[in-house]
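Coordinate analysis (summary)
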Amino acid sequence: MSQQKLSDNELQRLYTLNFGRTFVVFLLFHKYPLLFEELGLTGGQRGSIFSIVPLASIIATFWLGVLSDRVDARYVASLGLLMVAGFMVGVANTTAYLGFLFLFAISGIANQAFTIGTNAYFFKGVGRDDNKTDTISRFGASSSFGIAAAFLAGPLLVKSIGLKTALYVGAFVALCFVPLLFSLRPAKAKSQSLGGYFSLIRQKRVFLFMLMIFLFAFHWGTEVTCYTPFLVHNLKIAEHNLGMFMGPPLLMLGMSTLFFGKLGKEKIGPLTTLAAAFLLSGAGAIGMVTSSSVKVAFVWRLVHEAGDGAYFLFMLAGIHRLFSEERAGGCAGLVWLTAMLSSAISSSIAAPLGAKYGYALPQAGAGILALISILGIPLLREDCKEGKEPIHP
């Protein structure tokens, strides 16, 4: 039995929660690479700290998804909020490498717990009675706008009250979203066999979809380790001005998701959306890191984020298209696991490369990979034909 379809009011609350999650998680995102530099951590240590985030996610993501199918998904999401708050309090009270390693592992699990919990809740309740591309795009865009707000507010918050106090503020904000989460109706839950999830991966439609997710997400790791240092060291942007460069392009990320969602409902298919994602994201990454002008780099960053917005729609719509409501949590977990594995690999490569050869090189390499990946899109043509039913084990 499927979950009762979410009302417009419930969808609005879910969008607000999605906004709040990314706002809290990314509020001080810009500061962590710079903090580690200030504390004298080596390139290898920084790389291990940032790569532990997706590695911890890899370990936990699928199981969090299965848990979101077996119990009320709100409990999984609330666990994520509590862990995010604990992470921020912990970072405010440590300066040791091993302490950061532990805390960033916790943050990887925390972010995925909330992401998978809310994804499962959304996909179980959004329904399949008509084309949901527009609704899915609003769900995806809400998280993008949260990131944009975080990057605009974070640097100013640190400048005005200091990093330690800002971390406590972030922890408090995370806790404030827990009551809103439980204002939603309980999610339907039913135990599913583990073998059913793994049998899905062996099906061609799912494997090819996961391959595209892996290729696109590869650039995430280069951004985590190299984006902020590139802006500071290469473009000479003052730390307190980083939000003005990083925030507005993330508004483009959200607007692009909405734009392609509208097109997807009326005019274009998922393969065109994915092609646009690879092209814009790859070209934008290369253009930004090869520019010496802040203004030109900013324009290229807008192009890059437009591509990322198209990708987020492709990923979320793909989860909705491919997988049944009963296994929405575990299957979303498999998709995010694939993305986190890709990010972990690229983080471990990009951090030492950036420290030794400059922070532009890893980002340019990831951009080239995105452009090359366009060649693989025709492989998905069969999956994306209209009328395809969700896959069952």
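Scope of this entry: the structure provided in the associated data block. If you're wondering where the values come from, they're calculated on a predicted model, not measured in any experiment. Along each chain, the written sequence defines residue order, and numbers are assigned to residues from 1. Thresholds applied to this predicted model are a pLDDT of at least 70 for local features of residues and 80 or more for the giving and counting of side-chain atom pairs; totals over whole chains, interfaces and linings are not thresholded and use all residues. The side-chain numbers reported here are obtained from all heavy atoms of the structure, hydrogens and water having been left aside.

Describing the overall build of the protein
Here is the rule: Working definition: helices are DSSP H or I runs of at least four residues, strands are E runs of at least two. Numbering for both runs from the N terminus. Here the radius of gyration uses the C-alpha set of atoms, whereas the globule reference equals 2.2 Å times the residue count to the power 0.38. Categorising residues by exposure relies on relative accessible area from a 1.4 Å probe, with only protein chains included: less than 20% of the type maximum marks a residue as buried, more than 50% marks it as exposed, and the intermediate range marks it as partly exposed. We call two residues in contact whenever any of their non-hydrogen atoms come within 4.5 Å of each other. Counted charges follow a simple rule, with Lys and Arg positive, Asp and Glu negative, and His plus the chain ends left uncounted. All charge positions are set by atom: Lys at NZ, Arg at CZ, Asp at CG, Glu at CD.
For the protein, the helix and strand inventory stands at 14 helices and zero strands. Overall, the protein shows an N-to-C arrangement of helices and strands of α-α-α-α-α-α-α-α-α-α-α-α-α-α. Against the globule reference of 21 Å for 393 residues, the protein gives a C-alpha radius of gyration of 20 Å, in line with a compact fold. Considering the protein as a whole, with its 393 residues, one finds that 60% of them fall into the buried category. In the protein, the proportion of contacts linking residues at least 24 apart, taken out of those at least 6 apart, comes to 88%. Distance between charge centres in the protein, computed from 31 positive and 20 negative side chains, equals 3 Å.

Observations regarding the packing of aromatic side chains
Note the cut-off: Under the pairing criterion, centres of Phe, Tyr and Trp rings, with the six-membered ring standing for Trp, must be within 6.5 Å; the plane angle then separates stacked pairs below 30 degrees from edge-to-face pairs above 60, leaving the rest tilted.
Tallying each qualifying case throughout the model produces 20 aromatic pairs. With a centroid separation of 6.2 Å and 50° between ring planes, the pair formed by Phe26 and Phe151 is classed as tilted. With Phe26 in helix 1 (residues 8–26) and Phe151 in helix 6 (residues 133–161), the pair connects residues that are 125 residues apart, well separated along the chain. Here Phe26 falls in the buried class, since its relative accessible area comes to 18%. Residue class for Phe151 comes out buried when judged on its relative accessible area of 5%. Judged by centre distance (5.2 Å) and plane angle (90°), the ring pair of Phe87 and Phe104 falls under edge-to-face. Residue Phe87 is located in helix 4 (residues 73–91), and its partner Phe104 is located in helix 5 (residues 97–125); the two are separated by 17 residues in the primary sequence. Judged on exposure class, the residue Phe87 and its partner Phe104 are both buried.

A word on the packing of helix 5 against helix 6
The test is simple: Angular values range over 0 to 180 degrees, each being the angle between N-to-C directions of two axes fitted as lines to C-alpha atoms, with helices fitted over their stretch in contact. Note on terminology: angles under 35 degrees are roughly parallel, angles over 145 are roughly antiparallel, angles of 65 to 115 are roughly perpendicular, and the others are oblique. For any pair of crossing helices, the crossing counts as left-handed if the nearer helix is rotated counterclockwise from the farther one by less than a right angle, and right-handed if it is rotated clockwise.
Where helix 5 meets helix 6, the closest approach of the two axes is 12 Å, and the angle between their N-to-C directions is 160°. The angle between the axes of helix 5 and helix 6 places the two elements in the roughly antiparallel class. Here helix 5 runs over helix 6; the crossing is right-handed. Only Thr135, Ile136 and Phe139 of helix 6 make contact with helix 5, whose side of the interface consists of Thr118, Asn119 and Phe122.

Quick word on the packing of helix 8 (residues 194–201) against helix 13 (residues 328–357)
Heads up, the rule is: In this classification, Asp, Glu, Lys and Arg are treated as charged, Ala, Val, Leu, Ile, Met, Phe, Trp, Tyr, Cys and Pro as nonpolar, and every other residue, Gly included, as polar.
Interhelical geometry of helix 8 versus helix 13 gives an angle of 45° and a closest axis separation of 10 Å. As judged from the angle between their axes, helix 8 and helix 13 are oblique. Pair helix 8 / helix 13 crosses with right-handed handedness. Contacts between helix 8 and helix 13 involve Tyr197, Leu200 and Ile201 on the former and, on the latter, Gly330, Cys331 and Leu334. In terms of residue class, the contact of helix 8 with helix 13 is made up of five nonpolar, one polar and no charged.

Here we look at the side chain of Ser342
Here Ser342 lies in helix 13. Residue class for Ser342 comes out buried when judged on its relative accessible area of 0%. Residues in contact with Ser342, not counting those within four places in the same chain, are Phe214, Ala217 and Phe218.

Examining the pattern of salt bridges
Test applied: Take a side-chain nitrogen of Lys or Arg and a carboxyl oxygen of Asp or Glu: if they are within 4 Å of each other, that pair is a salt bridge.
Under the defined criterion, the tally for this structure stands at nine salt bridges. Notably, a salt bridge pairs Asp134 with Arg138, separated by 3.4 Å at the nearest N-O pair. A residue pair is termed a helical-turn pair when its members lie 3 or 4 positions apart in one helix, as Asp134 and Arg138 do in helix 6 at four residues. Residue Asp134 is classed as buried on the basis of its relative accessible area of 13%. For Glu305, the salt bridge goes to Arg301, with nearest N and O atoms at 2.9 Å. Linking Glu305 with Arg301, this pair stays in helix 12 (residues 294–322), spanning four residues, or about one helical turn. An identical accessibility class is assigned to Glu305 and Arg301; each is buried.

Focus: helix 3 (residues 43–70)
Every α-helical turn comprises 3.6 residues, leaving residues that sit three or four positions apart pointing alike. Going by this rule: Multiplying 1.5 Å by the residue count of a helix minus one yields the expected span of that helix. The bend reported for a residue corresponds to the angle between axes fitted to the seven residues ending at that residue and the seven starting there.
Across its 28 residues, helix 3 extends 41 Å between first and last C-alpha, which sits within 8% of the 40 Å expected from 1.5 Å per residue. Along helix 3, the sharpest kink reaches roughly 40°, centred on Ala60.

A short note on a nonpolar patch on the surface
Test applied: Put simply, a patch holds well-exposed residues, over 30% relative accessible area, that have no salt bridge, with like charges counted together within 9 Å and Val, Leu, Ile, Met, Phe, Trp or Tyr side chains within 5 Å. Computed with the Shrake-Rupley method and a 1.4 Å probe, the accessible areas treat only the protein chains shown as cover for residues.
Among the surface-exposed residues, Trp63, Leu194, Phe198 and Ile201 lie close enough to one another that they form a single nonpolar patch of about 350 Å² accessible area. Counting residues per element, the nonpolar patch draws most heavily on helix 8, at three residues.

Focus: the nonpolar core
As a reminder of what qualifies: The set of buried Ala, Val, Leu, Ile, Met, Phe, Trp, Tyr and Cys residues whose side-chain atoms join them within 4.5 Å is what this entry labels a nonpolar core.
Core analysis: the largest hydrophobic core is formed by 120 residues, its most contacted members being Leu28, Tyr32, Phe36, Phe104 and Leu231. The dominant element in this core, judged by the number of residues it contributes, is helix 9 (residues 204–234), at 15 residues. Each residue touching Leu28, except ones within four places of it in the same chain, is listed here: Met88, Gly154, Val158, Leu163, Ala166 and Leu167.

Considering the side chain of Thr257
Along the chain, Thr257 falls in helix 10 (residues 242–266). Once residues lying within four places of it in the same chain are set aside, the contact partners of Thr257 are Ser137, Gly140, Ala141, Ser144, Gly309, Phe312 and Leu313.

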